[in-house]
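Structural features, examined
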Amino acid sequence: MMKHRQAVSMAVMILLLLILPACGPDNGTPSVTSPSPTTSLPSTTPPATTTPGTSTPPTTSAPPVISGTFIFNFDAGSPVLNVGQSTPFSSTVSGITAEFSSSSGAAYSIQNQAATNFILSQFSGKYIYDNDVSRSSLQIKFSQPMNSVSIVFATTDSHGPGNVETPTELRVVAYSGSTSTPPIGAAAARGVFANDTFPQGTVTFTSAVAFNIIVLETVPVLNGASAFLIDQLAATAN
């Protein structure tokens, strides 16, 4: 019996020696845990936006000046000017337009020798005649700047006793843009008595500063003419 108990005790001790190392304390080896997978959110970059710029209105530039000399003789040009036609009217020659008007309204008209019976050797065909016996002015506006004008004219002076010995001056005053601005300059000339109905001459104005408006009027003088006629207007742009 005693030997049997000793044998059992020995068997239990061996069994314990085999089991205890497997259940022993932590031997210091770090445990490895698999990291849980991480998910990254896709980057959401906002679409690029551009601030619309302020629209700049297109710039408009003045048309280029056409150089040359343009003759307004009231026979050629467009539209056709009819005898008896009064201001305002216009005439276009080689792309340049001249507008004729008067602050007195229909103070000037298109006439010719057949209509007036005037003998004017420096005039030809149709010309501009002063309808108004009182003093008035004729304004001429060009569609582009000019540097020079030359105009054949006659003043309605009478020669002889009780009349003038020296013809009345015709004055041309030049402006840029508007007659309400200071003038660019002025010039005046007298006609000459000859074997014609009225004294005739040529008035010329030239300026380095361009102009697009001229005003024609007689210079007041005792017993002088208040009316005038013009033909062959030559306007030059440099």
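Just so it is clear, the model here is predicted, and its values are computed rather than measured.

**Quick word on the overall build of the chain**
On a plain count of helices and strands, the chain comes out with two helices and ten strands. Along the chain, helices (α) and strands (β) appear in the sequence α-β-β-β-β-α-β-β-β-β-β-β when read from the amino end. Taken over 238 residues, the chain has a buried fraction of 35%. When contacts within the chain are restricted to residue pairs at least 6 apart in sequence, long-range pairs at least 24 apart make up 71% of them. Total accessible area computed for the chain in this model is approximately 14500 Å², and 58% of it derives from carbon and sulfur atoms.

**Some points on the packing of aromatic side chains**
Within a pair of aromatic rings, the relevant descriptors are the distance that separates the centres and the angle that separates the planes. Considering all chains together, one arrives at eight aromatic pairs under this definition. Connected via pairs of aromatic rings, a cluster forms that spans F74, F89 and F100.

**Remarks on the nonpolar core**
By size, the foremost hydrophobic cluster in this structure holds 35 residues, and its most contacted members are I140, F142 and I230. Considering every element that reaches this core, the biggest residue donor is strand β6 (residues 138-155), with seven residues. Those residues in contact with F142, other than ones at most four positions away along the chain, are F72, T97, A98, V149, N212, I214, L233 and A235.

**Section: the pattern of salt bridges**
Tallying each qualifying case throughout the model produces three salt bridges. In this structure, E169 engages R190 in a salt bridge whose closest nitrogen and oxygen atoms are separated by 3.9 Å. Of the two residues, E169 sits in strand β7 (residues 169-175) while R190 sits in strand β8 (residues 185-190), which places them 21 residues apart along the sequence. Judged by its relative accessible area of 24%, E169 is partly exposed. Each member of the salt-bridge network shares a partner with another, and the members are R135, R171 and E217.

**A closer look at the environment of A154**
Along the polypeptide, A154 turns up in strand β6. Judged by relative accessible area, which is 0%, A154 ranks as buried. If we ignore the near neighbours within four places in the chain, the residues touching A154 are L120, F123, F198, P199, Q200, F228 and L229.

**Some thoughts on the environment of T181**
When you line up the elements, T181 lands in the loop between β7 and β8. Those residues in contact with T181 that lie beyond four places of it in its chain are Y175 and S176. Among the polar contacts listed, one links the side chain of T181 to the backbone oxygen of S178, at a separation of 2.7 Å.

**A few points about the side chain of N112**
Counting through the fold element by element, N112 comes out in the loop between β4 (108-111) and α2 (113-116). Those residues in contact with N112 that lie beyond four places of it in its chain are V83, G125, K126 and Y127.

**Things to note about the confidence of the model for the chain**
With 75% of its residues at a pLDDT of at least 70, the chain reaches an overall mean of 85. This model gives residues 27-41 a pLDDT under 50, and the stretch forms zero contacts once residues within four places in sequence are excluded.

What counts, and where the lines are drawn
Residues numbered from 1 in each chain as written. Predicted model: local features only at pLDDT ≥ 70, side-chain atom pairs only at ≥ 80, totals over all residues. Heavy atoms only, no water. Helix = DSSP H or I, 4+ residues; strand = E, 2+ residues; numbered from the N terminus. Buried < 20%, exposed > 50% of the residue type's maximum accessible area, 1.4 Å probe, protein only. Contact = heavy atoms within 4.5 Å. Areas by Shrake-Rupley, 256 points an atom, 1.4 Å probe, with all protein chains shown as cover. Phe/Tyr/Trp six-rings, centres within 6.5 Å; stacked < 30°, edge-to-face > 60°. Core = buried A, V, L, I, M, F, W, Y, C linked by side-chain atoms within 4.5 Å. Salt bridge = Lys/Arg side-chain N within 4 Å of Asp/Glu carboxyl O. Polar contact = N/O pair within 3.5 Å; in protein donor to acceptor, adjacent residues only side chain to side chain. pLDDT = per-residue confidence, 0-100.

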